[in-house]
Amino acid sequence: MRKLKLYLDTSIISARFDKIKEERQRITQLWFEKAKTKYELYISEVVLTEINATQDISLRNRMQNSVRNLKILKLNAEIRNLARIYTDEIFTEEN
């Protein structure tokens, strides 16, 4: 049986280390441990860029380690176009 594929954005990765909202951190850590055996987990180059821009070096290192075994989606024209359509729809609905 094939695993479902899930894309994780930076907010999911950072929630694993959220000390301000400890309940959120705990729930995300538990979810992540189950998800990595149940799903194929993906991040994108954008997520890596955002993680690498994290000012807190300790947090940055922990986030980098947490995604090192995930599959990375490369940006291409199709993805950029889809992102543009998505953000255009969001901003159109808000106005």
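Scroll up a little and you will see the structure.
Basis of the calculations
Here, residues in each chain are numbered from 1, in the same order as that chain's written sequence. Where local features are concerned, this predicted model is filtered to residues with pLDDT of at least 70; where side-chain atom pairs are given and counted, the filter is 80 or more; whole-chain, interface and lining totals use all residues. As a rule here, side-chain values come from all non-hydrogen atoms in the structure, and water together with hydrogens is ignored. Secondary structure elements follow DSSP: runs of H or I no shorter than four residues count as helices, runs of E no shorter than two count as strands, and numbering proceeds from the N terminus. Only protein chains enter the accessibility calculation, which uses a 1.4 Å probe. A residue is then buried if its area is under 20% of the maximum for its type, exposed if over 50%, and partly exposed in between. Whether two residues are in contact is decided by their heavy atoms, any of which lying within 4.5 Å being enough. Using a 1.4 Å probe, the Shrake-Rupley method yields the accessible areas, and only the shown protein chains count as cover for residues. Here Asp and Glu are counted as negative and Lys and Arg as positive; His is not counted, and neither are the chain ends. To locate a charge, the coordinates of NZ of Lys, CZ of Arg, CG of Asp or CD of Glu are taken. Salt-bridge detection follows one rule: a side-chain nitrogen of Lys or Arg within 4 Å of a carboxyl oxygen of Asp or Glu. Axis lines are fitted through C-alpha atoms, for helices just across the contact stretch, and the angle between N-to-C directions can take any value from 0 to 180 degrees. Note on terminology: angles under 35 degrees are roughly parallel, angles over 145 are roughly antiparallel, angles of 65 to 115 are roughly perpendicular, and the others are oblique. Paired strands, in this sense, are two strands between which DSSP finds at least two bridges. Put simply, buried Ala, Val, Leu, Ile, Met, Phe, Trp, Tyr and Cys residues joined by side-chain atoms within 4.5 Å make one nonpolar core.

Across its full length, the protein holds five helices and three strands. Going from N to C terminus, the protein has its helices and strands arranged as β-α-α-β-α-α-β-α. Taking the principal axes of its C-alpha atoms as reference, the protein extends roughly 40 × 35 × 25 Å. Residues classed as buried in the protein amount to 24% of the 95 residues present. Across the protein, every contact between residues at least 6 apart in sequence was considered, and the portion connecting residues at least 24 apart equals 69%. Carbon and sulfur atoms make up 55% of the accessible area of the protein, which totals about 7400 Å². One way to put it: in the protein the 18 positive side-chain charges average out to a point 9 Å from where the 14 negative ones average out.

Here we take up the pattern of salt bridges. Using the criterion set out here, one finds seven salt bridges in the structure. When salt bridges with common partners are traced through the structure, they connect Arg16, Glu33 and Lys36 into a single cluster.

Okay, the environment of Ile57 next. Looking at the secondary structure, you find Ile57 in helix α4 (residues 57-67). Along the chain, Ile57 and Trp31 lie 26 residues apart, while their C-alpha atoms are 25 Å from each other.

Now for the packing of helix α3 (residues 45-52) against α4. For any two helices packed against each other, the geometry comes down to the angle between their axes and how far apart the axes lie. As a packed pair, α3 and α4 sit with axes 9 Å apart at the nearest point and diverge in direction by 155°. With respect to their mutual orientation, α3 and α4 come out roughly antiparallel. Note on element contacts: α4 touches α3 through Arg60, Met63, Gln64 and Val67, opposite Leu48, Ile51 and Asn52.

This next bit is on the sheet that holds strand β3 (residues 71-73). One open sheet holds the three strands; their spatial order is β1-β2-β3, and the pairing between them is parallel. In the strand order of this sheet, the two ends are held by β1 (4-7) and β3, each with one partner. Within the sheet, the average angular offset between the axes of one strand and its neighbour, ignoring direction, is 35°. As judged from the three bridges shared by strand β2 (residues 39-44) and β3, these two strands associate in the parallel manner. Bridge assignment links Tyr42 to a residue of β3, and that residue is Lys71.

Counting residues in each nonpolar core, the largest one holds twelve residues, listed as Leu8, Ile13, Phe17, Phe32, Ala35, Leu41, Ile43, Val47, Ile51, Met63, Val67 and Leu70. Listing elements by their share of this core, those giving two or more residues are α2 (22-38), β2, α3 and α4. Residues contacting Val47, with those up to four places away along its chain left out, are Tyr7, Leu8, Asp9, Thr10 and Ile13.

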